[in-house]
Amino acid sequence: MIKRSLTLIFTICLAVLSQTILVASAQALDIKSTEFTLANGLHVILIEDHRAPVVTHTIWYRVGAADEQVGKSGLAHFLEHLLFKGTPKYPEGMFDRLLDQNGGEKNAFTQRDATAYYERVAAGKLPLMMELEADRMQNLQLNADSVKTELKVVQEERRQRTDSSPGALLGEHMAASLYLAHPYGRPVIGWNDDVARLTLDDALAFYKQHYTPANATVVIVGDVTPQVARDLADKFYAPLKNTFTPQPRHRTVEPPPLVERRVTLHDARVATPSISRSYSTPSYITAAPKEADALSLLSVIIGDSAQGRLYKKLVLEKKIATSAGAGYSGTQLDNGEFSIYASPADGVDMASLEAEIDVIIADVISQGVTAKELSDAKDRAQADAIYGLDQRSSFGGIIGLAATMGLSPDEVLAHIDILPTVTLEEVQKAAAYLDIRRAVTGLLLPEKNKKQ
Amino acid sequence: MRLFAAHTFVRQSVFIVVSLVCLAAFPMLAKAIDIQEVTSPGGIKAWLVEAHEIPLVAMNFAFNGGTINDAQGKDGTGNFLTGMMDEGAGDMDGQAFRDLRDKLSISISFSAASENFYGSLYTLSKNRDAAFSLLTKAVTAPRFESEPLDRMRKYYLQQAADLLKDPGTIASLAWTDAAFPNHPYSRRSSGTIDTLGIISADDLRQFHKTVFTRNKLKIAVVGDIDAKTLGLELDRVFGLLPDTPVPDVVPVVDVKTGLALKVIDYDSPQSIVIFGGKGTPPAEKQDYPAYILSEIVGGGASFSRLTQEVREKRGLTYGTSFSLNNFNKAGYSFGYLATANETAAEAIKVTKEVLQEMADKGPTPGEMTLAKTYITGSYAMRFTSNSAIASTLLAQQINDYPINQTNIRNDKVNAVTIEQVRDQAKKLLQADQLNIVVIGKPVGLGK
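Residues numbered from 1 in each chain as written. Chains lettered and ligands numbered in written order. Predicted model: local features only at pLDDT ≥ 70, side-chain atom pairs only at ≥ 80, totals over all residues. Heavy atoms only, no water.

### Some words on the overall build of chain A
- Helix and strand counts for chain A stand at 16 helices and 12 strands.
- When its C-alpha atoms are laid out on the principal axes, chain A stretches across 65 × 50 × 40 Å.
- The buried share among the 452 residues of chain A stands at 62%.
- For chain A, long-range pairs separated by at least 24 residues make up 83% of all intrachain contacts whose partners lie at least 6 apart in sequence.
- Each charge sign in chain A was given a centre, from 47 positive and 56 negative side chains, and these centres are 3 Å apart. (Helix = DSSP H or I, 4+ residues; strand = E, 2+ residues; numbered from the N terminus. Buried < 20%, exposed > 50% of the residue type's maximum accessible area, 1.4 Å probe, protein only. Contact = heavy atoms within 4.5 Å. Lys, Arg positive; Asp, Glu negative; His and termini not counted. Charge placed at Lys NZ, Arg CZ, Asp CG, Glu CD.)

Pasting the structure below:
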């Protein structure tokens, strides 16, 4: 299905970044990567994979939902949809047609800190992909009718992904509660009222403010040599001129967390209740050395689907939950999130389940984790690194997202060597972030006064 | 113990490898996929692609039975079984099994579809022996002990309760009930609250005994393993299974059509529409004209008529799709659309017009060219990782394609004529034969 997709890929990347490639020795993984920067500031990264004559080309722009002005939420995502609506050289429909004619897959996604557009084609078609991306980086031409129609599509998307999903609606409220001031509190898809009033002029203004070579990173994964990558980048991207100078991004700094937050949603569409909690933590960008790596290992130790403390204690031992887990989302510019979740077994009340979760968390904070738990978590991450070689375009996704946050591939790969060095003390220290005053707890419940 | 007896099966190191090596590259690839058909000393067959650059092995396999083999009144048994496969097997209880699996980062998983029961193994080369050992236990000797049985029963009961409130599921089941009334294809594969309450360990054992046989077992392996070693592993994992055919419990059936409109009231801002009817007969399930027709009408490429008319031109949906499909004993078409309640009527009207237009006139020559170019050009994307290749090769075996399918598939697509597609469209896409189910609060559509 073609979707101009609003995947919050950082939640996938978090699992991948935190666990997948960040262990074992970087050299042993034999990842051939090359990078260079053009005179106009466009940054290019090549990750070679010669197993099949296919290439994935992704262009990442250093702009996301958190860069929107108040009152124009959803604009970054709307513009992502509109990037497909034509240029003078390739009028509306041509981009899609060319991809179809070349047997290519394509999609795009918007996140809080980045917007990315990718195509996957036979390696020989890379020149055409670069030509198309270079063209629509600067020559977008919109008409009122297609903007109007695409706005309806975006509204349908929100209706399908969010408004029809009680879990997604609760998630929006949790984010709004976790971030009082920082724009991460706004949904990437935008609030309905803001979206309904977005215009063609809004989109073009945002485009001109954020889309320029020096604000972009191109990641190429596949059957391409460094020489070919450089020659093609010189041909298609080097002639582009910057229309503005990108500035460092500043978003309102979230005040230090002070209060325990709780949001509860009763909805007739809910059958099995669930509890989730998000703690505000540092991200890979804002953390002290090894802090984010420690949080990532902690999330595995607490939340692994079979070996984690939550699953073992709540599901297997006490049998008060039917599922339980945790995750660390660290690939964000300004802040990270550590989340936990569980669903109660039939007949168990939410307060009891929550109390047991709090016991588990308190224990980790006061006692830390065991040497075996830490060692097992490191082993699993090491293995995931090798599995990641098989799914190399996913690896390219991590590299691209990291690049938008100013991290080079070497810096990303360095985490592979850092993870095995994380100590028990460092993990216990990281657990201090799991303080209820840093968190919002969300309860998703069936309709009130109805039997479950 | 039975498990150790498995090793005596492998008496010789001499074995038969029928190596049908596909060397001719298909048009757009510079490198060929080299597929060997391996036959183990015990006679178990697998398709193997050796790939030694990355030290891992991916194996996907499928037994020739699925949820339609649930016993009467025990809907959900096959699905339940998938959750029991890591809850104790052979000489290991559930915790011991999972501890070893997770310590070595081995991935073993199972899923149950209507007519196939799938398994997959993903392991680093260095843990290969342990991985195949664990898989052998799971495949040949699951334990079904009472504590995990009780725990997983509660898990599946919750899942069933969730599905009862999921509008997409409710609508799909209503469509299936209309299309295949009183037929195994409309059974509740995830189970119901009633059936899940009574499925016993014996029921699971019986399902396992019935479905886990070597008869028509399909296996695809891609990775760091050679044919000889694979042969030995195949015998270890599957050699002790019986060779009895899985019972054929399904009569050939024509999909029932013509349910013009069924509205299910559900409080949601959007309506979900499920629409579908006739498909190609089961004997024609490799029908290339039908496949091209599917792609043109409702596939994933931009030229899909439904995407163009419903999404691109009118902005009525974020996603719509339509395809022609086959069970083993029935063909059917199946389409999906989600839209605001206020626009449901219009979206349905446009959808029917698109299908009828295709039925009346068939595709344009331009569409045929574009569809063929896209379909042949995008084929290579299925072969970009070991796990993707394993998955693709398994699907090809299940669909009874020959081992040189990767070589001939694009030629077969290119050989399809516009008349053939037009004929299929006329036979299959008449709008008045569709069964249409809408769930939500669609404005202007009476019940």
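### Considering the sheet that holds strand β11 (residues 270–276) of chain B
- Reading across the sheet, the 5 strands line up as β10-β14-β11-β13-β12 (chain B) and stay open at both edges, with mixed pairing between neighbours. The outermost strands of the open sheet, each flanked by one partner alone, are β10 (262–265) and β12 (320–326) of chain B. Taking each pair of neighbouring strands and ignoring which way they run, the sheet shows an average axis angle of 15°.
- As paired elements, β12 of chain B and strand β13 (residues 331–340) of chain B share 7 bridges and run antiparallel to each other. Note on β13 of chain B: the bridge partner recorded for S323 of chain B is F334 of chain B.
- The strands touched by helix α5 (residues 144–163) of chain A are β11 and β13 of chain B; relative to β13 of chain B, the strand with the most contacts, the crossing angle is about 105°.
- The sheet strands contacting helix α12 (residues 344–361) of chain B are β11, β12, β13 and β14 (435–440) of chain B, and the helix crosses β13 of chain B at an angle near 145°. (Pairing = 2+ DSSP bridges. Axes fitted to C-alpha atoms, helices over the stretch in contact; angles between N-to-C directions.)

### Here we look at the pairing of strand β5 (residues 105–110) of chain A
Residues and elements named next belong to chain A.
- Of all 6 residues making up β5, 5 are buried, and the element is well covered by its neighbours.
- Pairing of β5 with strand β6 (residues 115–122), which is carried by 6 bridges, proceeds in the antiparallel orientation. Within the sheet, the bridge partner assigned to T110 lies in β6 and is T115.
- Counted along the chain from β5 to the antiparallel partner β6, the turn is 4 residues long.

### Some details on the packing of aromatic side chains
- Scanning the entire structure with this criterion turns up 31 aromatic pairs over all chains.
- Both rings, one in Y61 of chain A and one in Y117 of chain A, keep their centres 6.0 Å apart while their planes meet at 75°; by these two values the pair is edge-to-face. Of this pair, Y61 of chain A sits in strand β4 (residues 54–61) while Y117 of chain A sits in strand β6; the two residues are 56 residues apart in sequence, bridging distant segments of the chain.
- Take Y61 of chain A: its relative accessible area is 0%, and that puts it in the buried class.
- Taking 5.5 Å as the distance between ring centres and 85° as the angle between the ring planes, the aromatic pair formed by Y179 of chain A and Y184 of chain A counts as edge-to-face.
- Among the aromatic side chains, those forming a connected cluster through ring pairs are F61, F63, F110, F117, F207, F212 and F238 of chain B.
- Here the guanidinium or amino end of R230 of chain A rests over the ring plane of F36 of chain A, the centre of that ring lying 4.2 Å away. (Phe/Tyr/Trp six-rings, centres within 6.5 Å; stacked < 30°, edge-to-face > 60°. Lys NZ or Arg CZ within 6 Å of the ring centre and 35° of its normal.)

### What about the sheet that holds strand β9 (residues 274–281) of chain A?
Residues and elements named next belong to chain A.
- Strand order in this open sheet of 5 strands is β8-β12-β9-β11-β10, and the pairing throughout is mixed. Sheet topology places β8 (261–266) and β10 (321–329) at the edges, where each strand pairs with a single neighbour. Adjacent strand axes in the sheet meet at a mean angle of 10° when their direction is disregarded.
- As paired elements, β9 and strand β12 (residues 439–445) share 6 bridges and run antiparallel to each other. Pairing of I275 across the sheet is with L443, part of β12.
- Of the strands in this sheet, β8, β9, β11 (336–344) and β12 touch helix α6 (residues 166–178), which is tilted by about 160° from β12.
- Most of the contacts of helix α10 (residues 291–303) go to β10, to which it runs at about 170°, and overall it touches β9, β10 and β11.

### Describing the interface of chain B and chain A
- With 65 residues of chain B at the interface, the matching set in chain A holds 63 residues.
- Interface area, chain B with chain A, both sides summed: about 5300 Å², of which 54% is carbon and sulfur.
- On the chain B side of the contact with chain A, Q158, Y318 and M381 of chain B bury the most area, a combined 15% of that side's loss.
- Counting across the chain B and chain A interface gives 5 salt bridges.
- A salt bridge links K103 of chain B to D379 of chain A, with the nearest nitrogen and oxygen atoms 3.3 Å apart.
- Our count for the contact surface shared by chain B and chain A stands at 27 residue pairs in polar contact (both at pLDDT 80 or more).
- For the side of chain B that touches chain A, the secondary-structure elements that each account for two or more residues are α3 (94–103), β8 (117–124), α5 (146–164), α11 (305–312), β12, β13, α13 (365–377) and α14 (386–398) of chain B.
- Within the side of chain B that touches chain A, the residues separate by chemical class into 25 nonpolar, 24 polar and 16 charged. (Buried area = accessible area lost by both parts, 1.4 Å probe. Salt bridge = Lys/Arg side-chain N within 4 Å of Asp/Glu carboxyl O. Polar contact = N/O pair within 3.5 Å; in protein donor to acceptor, adjacent residues only side chain to side chain. Nonpolar A, V, L, I, M, F, W, Y, C, P; charged D, E, K, R; others polar.)

### Points about unusual backbone geometry
- One non-glycine residue with positive phi stands out, namely K319 of chain A, at about 55°.
- With respect to the helices and strands, K319 of chain A occurs in the loop between α11 (309–317) and β10.
- With a phi close to 55°, N182 of chain B is a non-glycine residue in the positive phi region.
- Within the secondary structure, N182 of chain B sits in the loop between α6 (167–179) and α7 (193–198).

### Observations concerning the side chain of D67 of chain A
Residues and elements named next belong to chain A.
- Tracing the backbone shows D67 in the loop between β4 and α2 (75–82).
- On the basis of relative accessible area, D67 is assigned to the buried category, the value being 17%.
- Side-chain polar atoms of D67 contact the side chain of R251, separated by 2.9 Å.
- Beyond its immediate stretch of four places on either side in the chain, D67 contacts R62, R112, F206, H210, R249 and R251.

### Some words on the pattern of salt bridges
Residue and element names in this part refer to chain A.
- Using the criterion set out here, one finds 62 salt bridges over all chains in the structure.
- A salt bridge links E133 to R136, with the nearest nitrogen and oxygen atoms 2.9 Å apart. Taken together, the residues E133 and R136, both in helix α4 (residues 126–138) and 3 residues apart, mark about one turn of the helix.
- Taking relative accessible area as the criterion, R136 reaches 2% and is therefore assigned buried.
- For R277, the salt bridge is made with D358, and the minimal N-O distance between the two is 2.9 Å. Residue R277 is located in strand β9, and its partner D358 is located in helix α12 (residues 350–367); the two are separated by 81 residues in the primary sequence.
- A single network of salt bridges, built from pairs that share partners, joins D67, D113, R249, R251 and D334.

### A short note on the nonpolar core
- Of all hydrophobic cores here, the largest spans 54 residues; its most connected members are I47 and W60 of chain A together with I35, V49 and L393 of chain B.
- Ranked by size, the runner-up nonpolar core spans 53 residues in total, among them Y61, L83, L151 and A216 of chain A. (Core = buried A, V, L, I, M, F, W, Y, C linked by side-chain atoms within 4.5 Å.)

### Section: the packing of α13 of chain B against helix α15 (residues 405–414) of chain B
Residues and elements named next belong to chain B.
- Taken N-terminus to C-terminus, the directions of α13 and α15 make an angle of 175°; their axes are 9 Å apart at the nearest point. Considering the angle they form, α13 stands roughly antiparallel to α15. Contacts between α13 and α15 involve K372, I375 and T376 on the former and, on the latter, R409, N410, V413 and N414.
- Classifying every residue of the contact of α13 with α15 gives 2 nonpolar, 3 polar and 2 charged. (Parallel < 35°, antiparallel > 145°, perpendicular 65-115°, else oblique.)

### What about α15 of chain B?
- Turning to α15 of chain B, its buried residues are Q405, T406, N407, R409, N410 and V413 of chain B.
- Its buried side turned inward, α15 of chain B meets α10 (288–298), α13 and α14 of chain B.

### A closer look at the packing of helix α4 (residues 128–140) of chain B against helix α9 (residues 227–238) of chain B
Residues and elements named next belong to chain B.
- Where α4 contacts α9, the two axes come as close as 8 Å, and the packing angle between them is 30°. Accordingly, the angle class assigned to the pair α4 and α9 is roughly parallel. Along its contact with α4, which presents R128, D129, F132, S133, L135, T136, V139 and T140, the element α9 presents T229, E233, R236, V237 and F238.
- A breakdown of the residues in the contact of α4 with α9 according to their chemical character gives 5 nonpolar, 4 polar and 4 charged.

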